[in-house]
Protein chains: 4
Amino acid sequence: MFTLDIQPRFSDTDALGHISNTSLPVWFEQGRTPIFRIFHPSLDVKTWPLIIARLEIDLLAQSYWHMPVEIRTGVGNIGNSSFQVVQEAWQNGKQIARGVATLIHFDYENEKSVSIPEAIKAELAEHKVKDTA
Amino acid sequence: MFTLDIQPRFSDTDALGHISNTSLPVWFEQGRTPIFRIFHPSLDVKTWPLIIARLEIDLLAQSYWHMPVEIRTGVGNIGNSSFQVVQEAWQNGKQIARGVATLIHFDYENEKSVSIPEAIKAELAEHKVKDTA
Amino acid sequence: MFTLDIQPRFSDTDALGHISNTSLPVWFEQGRTPIFRIFHPSLDVKTWPLIIARLEIDLLAQSYWHMPVEIRTGVGNIGNSSFQVVQEAWQNGKQIARGVATLIHFDYENEKSVSIPEAIKAELAEHKVKDTA
Amino acid sequence: MFTLDIQPRFSDTDALGHISNTSLPVWFEQGRTPIFRIFHPSLDVKTWPLIIARLEIDLLAQSYWHMPVEIRTGVGNIGNSSFQVVQEAWQNGKQIARGVATLIHFDYENEKSVSIPEAIKAELAEHKVKDTA
């Protein structure tokens, strides 16, 4: 799995004193950067080739501002033009969230999905998380 | 269903030129305010009685900054201490997203879930969305 | 002055229980929409003609999530290619912030400032706030 | 000066393709963490002793998502109960922003400012930026 250390920002918290649930999608998006690079090494936003179709997040424990969070990122099911990214967030030795994002290989100009090239499928498969066969 | 008009903010967009996927959880959270009021009419954050356990969002179409978005909010399954909120986002006559949030009636002091009182269950049931019986 | 009603979002708060200072720049940006329209009626982001050079915000009182905020927006000094936007934020009858943003009429393709056309200067001048002569 | 490496998040960008001006206050707030620690080593939000009174940011160059940003943080003028934090943001060898935040030593319970203890003033003075006498 790819790992990314996130430093929670003060504005990631909300008035309940903990990290806002709305920060997890932001952190998980950031954790997907190595996946983005597989499709698009330049990361140039003008020619971005992916769109997100679905996100699911289970919030497993409260999390807090002043401790780092580790985001772990792997690949789930791989379809013809879409695939899943499977993620976990850990803080202070405890899993605080898990997430699944469904991404589509996408042509923004024609607004339609595009098959994932075989070479990319093979590279994605190297990062497959075992338990989502 | 409850409805809320959201004015997308410029900072809700991202470098792809459209609304960021990370803004939908923010908008849906805001759309849940009438649900929060059923549990907690004062909305006082110091005695807040709910925590979110899960969010699922399907992103159905790209959305944009300069047009309002309508958030529609109803209730799904109601359990002993948890229940679902079922939501839709519409922009310019088109559904752009649907979401399901699982909320838990929660005691922050003791960090544990609490049964939902019958009176509140009855009030939630009045806002039940038909097709999630 | 132009006025805009902002509904604070739960994620605009932070762990101190009040609205984050980082939400004010977001709200003020949203309040500048009528100014953006003077330069760019379509609001199309692909041909956006303004860039921000400076922002100053005085935070005058704590503000909270569950009450609307009114943003009042006028024009300050008007230069050759830049001008100031002068703003206030009010909640529950109390001024919570004031802000001044310096915007530049900007050509993103050539990355340089552009003179503000006389017709636009005249329109901006109609919204001038008296005490910033 | 204290330095902090910020990894811009995808949601820090906006539809103009660059980093939103509204992200700079968030990054600068995060860069103030070592200053917060001088006043409040535990960083416990329930007993937080500071409030922000003013922020000024000059945006000097466009910045982008896929490169890290370094935030440099020092201390400016130190008054009886308030002081200034002077900051810079650098990306790819170029200064993209400078900022000044005015913070007040604050008693949230009684909602009033409090003198800064001499020991803290002395510690702040060690981090003073030369050119803001």
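Calculation criteria
- Residues numbered from 1 in each chain as written.
- Chains lettered and ligands numbered in written order.
- Predicted model: local features only at pLDDT ≥ 70, side-chain atom pairs only at ≥ 80, totals over all residues.
- Heavy atoms only, no water.
- Helix = DSSP H or I, 4+ residues; strand = E, 2+ residues; numbered from the N terminus.
- Rg over C-alpha atoms; globule rule 2.2 N^0.38 Å.
- Buried < 20%, exposed > 50% of the residue type's maximum accessible area, 1.4 Å probe, protein only.
- Contact = heavy atoms within 4.5 Å.
- Areas by Shrake-Rupley, 256 points an atom, 1.4 Å probe, with all protein chains shown as cover.
- Lys, Arg positive; Asp, Glu negative; His and termini not counted.
- Charge placed at Lys NZ, Arg CZ, Asp CG, Glu CD.
- Buried area = accessible area lost by both parts, 1.4 Å probe.
- Salt bridge = Lys/Arg side-chain N within 4 Å of Asp/Glu carboxyl O.
- Polar contact = N/O pair within 3.5 Å; in protein donor to acceptor, adjacent residues only side chain to side chain.
- Least-squares fit on C-alpha atoms with pLDDT ≥ 70 in both.
- Pairing = 2+ DSSP bridges.
- pLDDT = per-residue confidence, 0-100.
- Phe/Tyr/Trp six-rings, centres within 6.5 Å; stacked < 30°, edge-to-face > 60°.

1. A look at the overall build of chain A
Line of reasoning, step 1. Tallying secondary structure elements over chain A gives three helices and six strands in all.
Line of reasoning, step 2. Secondary structure elements of chain A occur, N-terminal to C-terminal, as β-α-α-β-β-β-β-β-α.
Line of reasoning, step 3. Its C-alpha atoms give chain A a radius of gyration of 15 Å, within 12% of the compact-globule value 14 Å for 133 residues.
Line of reasoning, step 4. Taking the principal axes of its C-alpha atoms as reference, chain A extends roughly 45 × 30 × 25 Å.
Line of reasoning, step 5. Per-residue burial over chain A gives 56% buried out of 133 residues.
Line of reasoning, step 6. Considering only contacts within chain A whose residues lie at least 6 apart along the sequence, 65% involve residues at least 24 apart.
Line of reasoning, step 7. Looking at chain A as shown, the accessible area adds up to about 5,700 Å², and 48% of this sits on carbon and sulfur atoms.
Line of reasoning, step 8. Computed over 12 positive and 16 negative side-chain charges, the inter-centroid distance for chain A is 3 Å.

2. Quick notes on the interface of chain C and chain A
Line of reasoning, step 1. Taken together, the contacts link nine residues of chain C with nine residues of chain A.
Line of reasoning, step 2. Across the interface of chain C and chain A, roughly 690 Å² is buried in total on both sides, 68% from carbon and sulfur atoms.
Line of reasoning, step 3. Linking chain C with chain A are zero salt bridges.
Line of reasoning, step 4. Where chain C packs against chain A, one counts four residue pairs in polar contact (both at pLDDT 80 or more).

3. Points about the relation of the copies chain C and chain A
What relates the pair of chain copies is a rotation about an axis plus a shift along that axis.
Line of reasoning, step 1. For the pair chain C and chain A, the best superposition has an RMSD of 0.0 Å and corresponds to a rotation of 180° with a translation of 0.0 Å parallel to the axis. Here the symmetry operator amounts to a two-fold rotation axis. Nearest to the rotation axis, the C-alpha of aspartate 14 of chain C is located 2.0 Å from it, this being the minimum over chain C.
Line of reasoning, step 2. Most of the interface of chain C is mirrored in chain A, where 100% of its interface residues are also at the interface.

4. Examining the interface of chain A and chain B
Line of reasoning, step 1. Between chain A and chain B, the contact holds 25 residues from the first and 25 residues from the second.
Line of reasoning, step 2. Here chain A and chain B share four salt bridges between them.
Line of reasoning, step 3. For the salt bridge of glutamate 56 of chain B with arginine 54 of chain A, the shortest nitrogen-to-oxygen distance reads 3.0 Å.
Line of reasoning, step 4. Where chain A touches chain B, the interface holds ten residue pairs in polar contact (both at pLDDT 80 or more).

5. Comments concerning the environment of leucine 43 of chain C
Line of reasoning, step 1. Assignment of secondary structure puts leucine 43 of chain C in the loop between α2 (33-39) and β2 (50-59).
Line of reasoning, step 2. Overall, leucine 43 of chain C belongs to the buried group, its relative accessible area being 2%.
Line of reasoning, step 3. Not counting residues within four places of it along the chain, the set of residues in contact with leucine 43 of chain C comprises Trp65 and His66 of chain B together with Thr33, Phe36, Arg37 and Trp48 of chain C.

6. Some remarks on the pattern of salt bridges
Line of reasoning, step 1. Inspection of the entire model under this criterion finds 32 salt bridges over all chains.
Line of reasoning, step 2. With a closest N to O distance of 3.3 Å, aspartate 58 of chain B and arginine 98 of chain B form a salt bridge. Here arginine 98 of chain B lies in strand β5 (residues 94-107) and aspartate 58 of chain B lies in strand β2 (residues 50-59), a separation of 40 residues in the sequence.
Line of reasoning, step 3. The exposure class assigned to arginine 98 of chain B is partly exposed, which follows from its relative accessible area of 41%.
Line of reasoning, step 4. Residues joined in a network through salt bridges with shared partners are Arg54, Glu56, Asp58 and Arg98 of chain A together with Arg54, Glu56, Asp58 and Arg98 of chain B.

7. Some remarks on the pairing of β5 of chain B
The side chains of a regular strand alternate between the sheet's two faces.
Residues and elements named next belong to chain B.
Line of reasoning, step 1. Both β2 and β5 contribute to a ladder of nine bridges, which runs antiparallel. Residue isoleucine 52 lies in a different strand from β5, and its bridge partner there is leucine 103.
Line of reasoning, step 2. Pairing of strand β4 (residues 82-91) with β5, which is carried by ten bridges, proceeds in the antiparallel orientation. Bridging across to β5, glutamine 91 finds its partner in lysine 94.
Line of reasoning, step 3. The antiparallel pairing of β4 with β5 creates a hairpin that spans two residues between the two strands, and asparagine 92 there sits at a positive phi of about 55°.
Line of reasoning, step 4. The sheet contact formed by β5 and strand β6 (residues 112-113) spans two bridges and is antiparallel. Bridge pairing in β6 places aspartate 107 opposite lysine 112.
Line of reasoning, step 5. Following β5, the chain reverses through four residues before pairing antiparallel with β6; glutamate 111 in that reversal takes a positive phi of roughly 50°.

8. Thoughts on the confidence of the model for chain A
Line of reasoning, step 1. Per-chain confidence: chain A averages 96 in pLDDT, with 98% of residues scoring 70 or above.
Line of reasoning, step 2. Here the predicted complex scores 0.96 on pTM and 0.95 on ipTM.

9. Re the packing of aromatic side chains
Line of reasoning, step 1. Summed over the entire model, instances satisfying the criterion amount to 24 aromatic pairs over all chains.
Line of reasoning, step 2. Consider the rings of phenylalanine 36 of chain A and tryptophan 48 of chain A, whose centres lie 5.0 Å apart with planes at 70°: the pair is edge-to-face. With a gap of twelve residues between them, phenylalanine 36 of chain A in helix α2 (residues 33-39) and tryptophan 48 of chain A in the loop between α2 and β2 (50-59) connect regions that are remote in the sequence.
Line of reasoning, step 3. Plain terms: the ring middles of tryptophan 48 of chain A and tryptophan 65 of chain D are 5.9 Å apart, the flat faces sit at 75° to each other, and that makes the pair edge-to-face. Separated into two different chains, tryptophan 48 of chain A in the loop between α2 and β2 and tryptophan 65 of chain D in the loop between β2 (50-59) and β3 (69-78) make up a pair that spans both. Tryptophan 65 of chain D shares its class with tryptophan 48 of chain A; the two are buried.
Line of reasoning, step 4. An aromatic cluster is present here, built from Phe10 and Trp65 of chain A together with Phe36 and Trp48 of chain D joined pairwise through their rings.

10. Here's the deal with helix α1 (residues 23-31) of chain D
Line of reasoning, step 1. Counting buried positions over the nine residues of α1 of chain D gives nine, a clear majority of the element.
Line of reasoning, step 2. Turning to α1 of chain D, its buried residues are Ser23, Leu24, Pro25, Val26, Trp27, Phe28, Glu29, Gln30 and Gly31 of chain D.

11. Notes on the environment of lysine 94 of chain D
Line of reasoning, step 1. With respect to the helices, strands and loops of the structure, lysine 94 of chain D is situated in strand β5 (residues 94-107).
Line of reasoning, step 2. Residues lysine 94 of chain D and serine 63 of chain D, spaced 31 residues apart in sequence, show a C-alpha to C-alpha distance of 9.4 Å.

12. Some details on the side chain of threonine 22 of chain C
Line of reasoning, step 1. Position of threonine 22 of chain C among the secondary structure elements: in the loop between β1 (2-6) and α1 (23-31).
Line of reasoning, step 2. A distance of 2.6 Å separates a polar atom in the side chain of threonine 22 of chain C from a polar atom in the side chain of serine 20 of chain C.
Line of reasoning, step 3. With residues up to four places along the chain from it excluded, the contact list for threonine 22 of chain C reads Ser11 of chain A together with Pro25, Val26 and Glu29 of chain D.

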